[in-house]
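Per-entry structural report
Chain by chain, the residues:
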Amino acid sequence: MNNKKLLSKSQLMFFILQSQIGVGLLSLPYVVHLHAKNDGWISVIIAGMIVFVFMFIMWALGKRFPNDTIYEYSNKIVGKYVGTVISFFYALNFFIISIFVVTITVSILKKWILTFTPPYVIILCIVGTGVYLARENLKVIGRFYTFVSILIFFLVFLELLSYKDANYRYLFPIGQAGFKNIMIGSHDSLTAMLGFESLLVIYPFVKGNAKDILKNSTIAITFVTLLYTFFLITSYVVFSPEEIKIVSEPILYMLKALSYEVVERLDLIFLSIWVVPIITSFVTYLHIASVGMEKIFKQSNHKKVTLVLGILIMIISVFIPQEEQIIEKFNILVSYSSYIFIAIIPLILLIVSIIRKKKGQSQLYEN
């Protein structure tokens, strides 16, 4: 079939940006502080650098196989059977992360806004909206991501209001946590920055050469890194080191403490806007998972697969208990298993493709 270039260079940037900003943002300052203390912002910067390295490996693979997704060039590099297994586990990983996104989102919304709403209602709204958009091609998804990216600046504006109570002395002395703890904090930050691995699937659909793709991917990762750094620094200058130990979602608690005559609950406004990048993150994982399953099971298009996966996500999410211990274990599973899919497998595939001198120019299916 004909190769369709569906995403412009700028849309690629917004696609990766919207895929990365997800559920981990709200609790990130608290989670990173557990190890890196008030040096957590350093951990985020280091995590951003690590993300760039992983992204570069994925980009190098895409450059060698400019018309293929990982679901196709894995077969060309390591053979049909091993490649199919790799493709299946990638699609399964994206599917599991989709469930994780839904589970975390439901937990936060139940805690802050929809206390008495049954979980299945929230799940239905999230998954239903996600399936509706994920069934479309990347051109439609890319346009939507570009349009809603303006909301990020509203989130930043709301957080800036907290600086009237800032105490910059909380950030000093810099480096107090020690190198080891800062690196452990980088792991926590890296988990919250997942989403860039979508490049493994969307690379061949981007209009532009390899340099353009690398440039715009780098811009997206840099922006997300700076955005997360801003949120962490804001949290650390508003809350004392002792306070932030007991505040699980400091970004929301900062806004909850603010009150104006016109608007009383800024945290609810923040959450209402925050739901949008959560949906986009979910849509990304659902879409690239459905594309993978489409290739593995040789379906004509990904739309029917998306609907089936959406129903499965809904059913599974309903039966996952909304308990902190369960969610924490789920988070640990996703965080550590992700290294296999964002670093180990892409690096092995790149090395093998170089050794075996494998390059691809095959035609892609029409999405």
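Residues numbered from 1 in each chain as written. Predicted model: local features only at pLDDT ≥ 70, side-chain atom pairs only at ≥ 80, totals over all residues. Heavy atoms only, no water.

Examining the overall build of the protein chain
What counts, and what does not: We count a stretch as a helix when DSSP gives it H or I for four or more residues in a row; a strand needs E for two or more, and each element gets its number in order from the N terminus. Radius of gyration means the value over C-alpha atoms here, while the globule rule gives 2.2 Å times the residue count to the 0.38 power. Working definition of accessibility: Shrake-Rupley area with a 1.4 Å probe, residue cover restricted to the visible protein chains. Neither His nor the chain termini are counted; the positive set is Lys and Arg, and the negative set is Asp and Glu. Throughout, a charge is located at the NZ atom of Lys, the CZ atom of Arg, the CG atom of Asp or the CD atom of Glu.
Across its full length, the protein chain holds 16 helices and 0 strands. In terms of C-alpha radius of gyration, the protein chain reaches 20 Å, essentially the compact-globule figure of 21 Å for 367 residues. By principal-axis analysis of the C-alpha atoms, the protein chain measures approximately 60 × 45 × 35 Å. Split by element, the accessible area of the protein chain, about 16200 Å² in all, is 68% carbon and sulfur. If you average the places of the 31 positive and of the 20 negative side-chain charges in the protein chain, the two averages end up 15 Å apart.

Concerning unusual backbone geometry
In the segment running from F172 into P173, the intervening peptide bond is cis, with an omega of -5°. By the element assignment, P173 lies in the loop between α8 (151–160) and α9 (179–192). Non-glycine residue K298 carries a positive phi angle of around 55°. Along the chain, K298 turns up in the loop between α14 (266–296) and α15 (303–319). Not every positive phi belongs to a glycine, and K357 is a case in point at roughly 55°. Structurally, K357 is set in the segment after α16 (324–355).

Points about helix α6 (residues 119–134)
Since there are 3.6 residues in each turn of an α-helix, residues three or four apart along the chain are aligned in direction. Definition in use: Expected span of a helix: the number of residues minus one, times 1.5 Å. Accessible area is worked out with a 1.4 Å probe on protein chains only. A residue is then buried under 20% of its type maximum, exposed over 50%, and partly exposed in between. By arc we mean the arc of the directions from the helix axis to the C-beta atoms, nothing more. Only heavy atoms enter the contact rule, under which two residues are in contact if any of them lie within 4.5 Å.
With 16 residues, α6 ought to run about 22 Å at 1.5 Å a step, and its terminal C-alpha atoms sit 22 Å apart, in line with that. Of all the positions in α6, only I122, I123, I126, V127, G130, V131, L133 and A134 are classed as buried. Angularly, the buried residues of α6 cover 165° about the axis, an arc narrow enough to put them on a single face. The exposed set on the far side of α6, more than 90 degrees from its buried face, consists of Y120 and Y132. Residues of α6 that are buried in the fold lie against α5 (80–112), α7 (138–148), α14 and α15.

Focus on the packing of aromatic side chains
In plain terms, the rule: Any two rings among Phe, Tyr and Trp, with Trp reduced to its six-membered ring, count as a pair given centres within 6.5 Å; such a pair is stacked if its planes are under 30 degrees apart, edge-to-face if over 60, and tilted if neither.
Enumeration according to the criterion identifies 16 aromatic pairs in this entry. Ring centres 6.3 Å apart and planes at 40° place the aromatic pair F52 and F56 in the tilted group. Here F52 pairs with F56, and both are found in helix α3 (residues 40–64), just 4 residues apart, close to one helical turn. Three or more aromatic residues joined by ring pairs form one cluster here, namely Y163, Y168, F230, F231 and F270.

Here we look at a nonpolar patch on the surface
Which entries qualify depends on this criterion: For patches, a residue must show more than 30% relative accessible area and have no salt bridge; joins then use 9 Å for like charges and 5 Å for nonpolar side chains, namely Val, Leu, Ile, Met, Phe, Trp and Tyr. When a carboxyl oxygen of Asp or Glu is within 4 Å of a side-chain nitrogen of Lys or Arg, the pair counts as a salt bridge.
Residues Y120, V121, L307, I311, I315, V318 and F319 make up a contiguous nonpolar surface patch of about 690 Å² in total accessible area. Mapped by element, the contributors of at least two residues to the nonpolar patch are α6 and α15. Here the nonpolar patch gets 5 residues from one element, more than from any other, and that element is α15. In this structure, V318 sits in helix α15. Residue V318 is classed as partly exposed on the basis of its relative accessible area of 40%.

A closer look at the pattern of salt bridges
Within this structure, the stated rule accounts for 6 salt bridges. In this structure, E72 engages K295 in a salt bridge whose closest nitrogen and oxygen atoms are separated by 3.2 Å. Of this pair, E72 sits in helix α4 (residues 70–78) while K295 sits in helix α14, placing them 223 residues apart in sequence. Since its relative accessible area comes to 12%, E72 is described here as buried. Residue R265 is joined to D267 by a salt bridge in which the shortest nitrogen-to-oxygen separation is 2.7 Å. Judged by its relative accessible area of 0%, D267 falls in the buried class.

Topic: the confidence of the model for the protein chain
Atom-level detail of predicted coordinates should not be read off regions where pLDDT is low. The cut-off we apply is this: The pLDDT score gives, residue by residue, the confidence of the prediction method on a 0 to 100 scale.
This prediction gives the protein chain a mean pLDDT of 92; 97% of its residues lie at or above 70. Contacts from residues 362–367, a stretch scored under 50 in pLDDT, to residues over four places away or in other chains number 32 contacts.

Examining the side chain of S281
Topologically, S281 is positioned in helix α14. The exposure class assigned to S281 is buried, which follows from its relative accessible area of 5%. Look past the residues within four positions of S281 in its chain and what remains in contact with it is Q18, S19, I21, G22 and V101.

Comments concerning the environment of Y203
Positionally, Y203 belongs in the loop between α10 (199–202) and α11 (210–238). Given the relative accessible area of 5%, Y203 is considered buried. Along the backbone, Y203 and D68 are 135 residues apart, and their C-alpha atoms lie at a distance of 7.9 Å. Ignoring any residue separated from it by four or fewer positions in sequence, one finds Y203 in contact with W59, G62, K63, P66, A210 and I213.

Some words on the side chain of S43
Tracing the chain through its elements places S43 in helix α3. When its relative accessible area of 0% is taken as the criterion, S43 is described as buried.

Observations concerning the nonpolar core
Filter applied, for reference: Remark: nonpolar core denotes a set of buried residues (Ala, Val, Leu, Ile, Met, Phe, Trp, Tyr, Cys) joined through side-chain atoms within 4.5 Å.
Counting residues in hydrophobic clusters, the biggest one holds 125 residues, and the most contacted among them are W59, Y90, F196, L199, Y228, F270 and W274. Sequence-distant contacts of Y90, that is, excluding residues within four places in its chain, are made with I70, Y71, L200, F341, I345 and P346.

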